[in-house]
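Understanding the architecture of this molecule
Residues per chain, in single letters:
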Amino acid sequence: MVCYTMKNKSKQKSGSNVSVDIFGCLRFFFYLKTERRMYMVELITNVNSAVNGFVWGVPMLVLLVGTGILMTVLTKFFQLSHIGHWFQNTVGGIFHDKHVTKHTEAGDQSISQFQSLCTALAATIGTGNIVGVASALVAGGPGAIFWMWIVAFFGMMTNYSENVLGIYFRRRNSKGEWSGGAMYYLMDGLGSYKGCKQIGAVLAVLFSAFCLLASFGIGNMSQVNSIAANMTSAFSIPATVTGIVLVIIGALVIVGGLKRIAAVTEKLVPFMAIAYVIGALVIFFANINHVSAVFTAIFKGAFGLRAVGGGIVGSGVKLALTWGMKRGVFSNEAGLGSSVMVHSSSNVKEPVRQGMWGIFEVFADTMVVCTLTAFAVLSSGLIDLDTGAVLVDVSGSALVGQAFATVFGSFGPAFIAIAILLFAFSTVLGWSHYGSKACEYLFGTKSTIVYKIAFVLMIFIGCTMNLGLAWDLSDTFNGLMAIPNLIGVIALSPVVMKITKNYVARIIKKEDAKPMLSVFPEIQEEQEKAM
């Protein structure tokens, strides 16, 4: 109608006015496109909110914590009863066992145990340890940290079980690389049960699809968006420049495959983790007189003995519980079935040995890094410990930056910006492997190069676009990944219990028994000969 009227008017006016009519039509066309785009965004937002409310509601809480409790009981509290053993054979082994850190030969496509841990930690230690903890404190109060600990304690055995199953059901692909993960123990483990072949196959495909989608969200765009925002805020570096630099570095590392990713992460992760822990420890000792008040606020907030932000007590418990759970899982990823894909690439022979690295991974991520972040914020005076109310008009990484500024001055926010740069980019590197393995399972080994190129290009998009919806979607895919994975872990819990019992009998009790190394006879025989 608009174009028709203007066209008729143009017949009575000079030709110069025709251009005005064309621009009018174009404006109307773009108006319609904008309206349609807004409608689609609103529709996606509403659908995502509904799905998110389900996957992070009571069913997910029961499934996540319940699985961790089940595996803890079935393994006789392995994370506590054998704490000395798994510490000695994980982080302790770095200093006395050369097999833990020794690189594989050029023709061997597997990576060392330490490299697998660093690549897994690269993906887990990310913005969730800074932004996630701050978000949990703002929305759920100090009590959210207690529920992060609870989820992490039981999550240790969930992660352990994933790794044990990952090693036990792994296989080699056409390139000679180890391929393992939830999709394989769903297909070959759950699928081996009577009447469950199709169920296992369908759940394996669903897990891979959710992982593929999540890799572009939680594993890419959400991370680099945080990097770009912090680089702009702290150093006035345009998002476009940040995007170009990250794309170049990402392409050099990611397209080179797992061994190149592992070579980078085994150097990057220890450096960034130690640097951040040292910075947080400085704040800890500077505010050591607040330790008692901080931990009192955490425990009282967790059980509703104080309201959150001045709200009613009941809602405070619910918020603390919900946000502690969500951000805890977002940070350590126990139950998602993600890190097992890189742990399965380790040159380890014993499933339980790699399982112990899973325990340490959750311990380092949540019990150490997240706890230190929480203490830095809670001891800085930026949050009222009596009510949980935030006393400053900032949130996310800016809140943590201000907490560090109370001790380090103007260097504090810059330190957090650099930490987010390293944490988030290392997460991108780790998740590129997860998505690659999911793509390989769905479309074959040759498809992974297409995925890697697309993944690298999405880094630039993530840096330069407003991704509020992308962050929400990644949160949903987080939960969706966990559902098929945890079904597999629960169904195969007798297998985990049997493998653990076999390991304890042979290695700890020194009994004579045949090792359980692989479900496939040819791999079992190969690994036995290599031991």
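Residues numbered from 1 in each chain as written. Predicted model: local features only at pLDDT ≥ 70, side-chain atom pairs only at ≥ 80, totals over all residues. Heavy atoms only, no water.

Points about the overall build of the chain
To be explicit about the condition: Each helix corresponds to a stretch of at least 4 residues labelled H or I by DSSP, and each strand to a stretch of at least 2 residues labelled E; elements are numbered beginning at the N terminus. Burial classes: relative accessible area under 20% of the type maximum marks a residue as buried, over 50% as exposed, and values in between as partly exposed (1.4 Å probe, protein chains only). The contact definition used throughout considers only heavy atoms, calling two residues in contact when any of these lie within 4.5 Å. Here the accessible surface of atoms and residues is derived via Shrake-Rupley with a 1.4 Å probe, and residues count as covered only by protein chains that are part of the display.
A count of helical and extended segments in the chain gives 24 helices and two strands. Put simply, the chain has 531 residues, and 54% of those count as buried. Of the contacts made within the chain by residues no fewer than 6 positions apart, 80% connect residues no fewer than 24 positions apart. Looking at the chain as shown, the accessible area adds up to about 22,000 Å², and 68% of this sits on carbon and sulfur atoms.

Comments concerning the nonpolar core
For clarity, the threshold we go by: Joining through side-chain atoms within 4.5 Å is the link that ties buried Ala, Val, Leu, Ile, Met, Phe, Trp, Tyr and Cys residues into a set, and such a set is a nonpolar core.
One finds Phe78, Tyr276 and Phe404 to be the most contacted residues of the largest nonpolar core, which totals 132 residues. Not counting the four nearest positions on each side in its chain, Phe78 is found in contact with Thr72, Ile83, Trp86, Met157, Tyr160, Val352, Met356, Ile359, Thr500 and Val504.

A word on unusual backbone geometry
One non-glycine residue, Lys76, lies in positive phi territory at about 55°. With respect to the helices, strands and loops of the structure, Lys76 is situated in the loop between helix H3 (58-74) and helix H4 (78-81). Residue class for Lys76 comes out exposed when judged on its relative accessible area of 68%. For Ser236, which is not a glycine, the phi torsion comes out positive at approximately 60°. Position of Ser236 relative to the elements: it lies in the loop between helix H12 (197-235) and helix H13 (239-254).

Things to note about a nonpolar patch on the surface
Condition: Patch membership is restricted to residues that have no salt bridge and whose relative accessible area is over 30%. Joining uses 9 Å for like charges and 5 Å for the nonpolar side chains Val, Leu, Ile, Met, Phe, Trp and Tyr. Only one rule defines a salt bridge in this text: a Lys or Arg side-chain nitrogen within 4 Å of an Asp or Glu carboxyl oxygen.
Side chains of Val255, Ile449, Val450, Ile453 and Leu457 sit close together on the surface and give an oily, nonpolar patch of about 430 Å² of accessible area. Along the chain, Val450 turns up in helix H21 (residues 448-464).

With respect to H13
Helical periodicity: at 3.6 residues per turn, an α-helix aligns residues three or four positions apart in one direction. This is how it is decided: How far a helix is expected to stretch is found by multiplying one less than its residue total by 1.5 Å. Each direction from the helix axis to a C-beta atom contributes to the arc, which is the arc of those directions.
A rise of 1.5 Å per residue sets the reference length of H13, with its 16 residues, at 22 Å; its end C-alpha atoms lie 21 Å apart and thus fit the reference within 8%. Every buried residue of H13 is accounted for by Thr242, Gly243, Leu246, Val247, Gly250, Val253 and Ile254. Along the axis of H13, the buried positions cluster into a sector of 140°, meaning they face one direction only.

Remarks on the packing of helix H18 (residues 351-378) against helix H23 (residues 493-508)
Convention followed: To obtain an axis, a line is fitted to C-alpha atoms, over the contacting stretch when the element is a helix, and the angle between two such axes runs from 0 to 180 degrees between their N-to-C directions. We call two directions roughly parallel when the angle between them is under 35 degrees, roughly antiparallel when it is over 145, roughly perpendicular when it lies between 65 and 115, and oblique otherwise. Residues are grouped as follows: nonpolar covers Ala, Val, Leu, Ile, Met, Phe, Trp, Tyr, Cys and Pro; charged covers Asp, Glu, Lys and Arg; every other residue, Gly included, is treated as polar.
Two elements in contact, H18 and H23, have axes whose closest approach is 9 Å; the angle formed by their N-to-C orientations is 105°. When the axis of H18 is compared with that of H23, the two are roughly perpendicular. Along its contact with H18, which presents Pro351, Val352, Arg353 and Met356, the element H23 presents Ile499, Thr500 and Tyr503. A per-class count over the contact of H18 with H23 returns five nonpolar, one polar and one charged.

Observations regarding the packing of H12 against helix H20 (residues 411-443)
The test is simple: Should the near helix be turned anticlockwise from the far one by less than a right angle, the crossing is left-handed, and should it be turned clockwise, the crossing is right-handed.
The contact between H12 and H20 brings their axes to 8 Å, and the two run at 160°. If you check the angle between H12 and H20, you find them roughly antiparallel. The two elements H12 and H20 cross, and the hand of that crossing is left-handed. A class-by-class count of the residues in the contact of H12 with H20 yields 27 nonpolar, nine polar and no charged.

Describing the pattern of salt bridges
Applying the stated criterion across every chain yields a total of eight salt bridges. Here Glu177 makes a salt bridge to Lys437, at a shortest N to O gap of 3.7 Å. Residue Glu177 is located in the loop between strand E1 (171-172) and strand E2 (178-179), and its partner Lys437 is located in helix H20; the two are separated by 260 residues in the primary sequence. Owing to a relative accessible area of 4%, Lys437 belongs among the buried residues under this scheme. One network of salt bridges, in which partners are shared, links Glu177, Lys437 and Glu440.

Looking at the environment of Ala228
Mapped onto the fold, Ala228 is located in helix H12. Beyond its immediate sequence surroundings of up to four residues, Ala228 is in contact with Ala239, Thr242 and Cys463.

Points about the packing of aromatic side chains
To be explicit about the condition: The criterion for an aromatic pair is that two Phe, Tyr or Trp rings (for Trp, the six-membered ring) have centres within 6.5 Å, with stacked assigned to planes under 30 degrees apart, edge-to-face to planes over 60 apart and tilted to the rest. Whether a charge sits over a ring depends on NZ of Lys or CZ of Arg being within 6 Å of the ring centre and within 35 degrees of the ring normal.
Counted according to the given criterion, the structure contains 30 aromatic pairs. Each ring, one from Trp357 and one from Phe360, has its centre 6.5 Å from the other, and the planes form 85°; the classification is edge-to-face. Within this pair, Trp357 and its partner Phe360 are both found in helix H18, separated by three residues, close to a single helical turn. Arranged with centres 5.4 Å apart and planes meeting at 20°, the rings of Phe404 and Phe415 form a pair that is stacked. On the criterion of sequence distance, the pair formed by Phe404 in helix H19 (residues 397-408) and Phe415 in helix H20 is long-range, its members being 11 residues apart. Exposure remark for Phe415: the relative accessible area of 16% places this residue in the buried category. Every member of this aromatic cluster is reached through a ring pair, and the members are Phe146, Trp147, Trp149, Phe295, Phe299 and Phe303. In this structure, Arg170 is placed above the aromatic ring of Trp178, and the distance from its NZ or CZ to the ring centre is 3.9 Å. We note Arg172 situated over the ring of Trp178; from NZ or CZ to the ring centre the distance is 3.9 Å.

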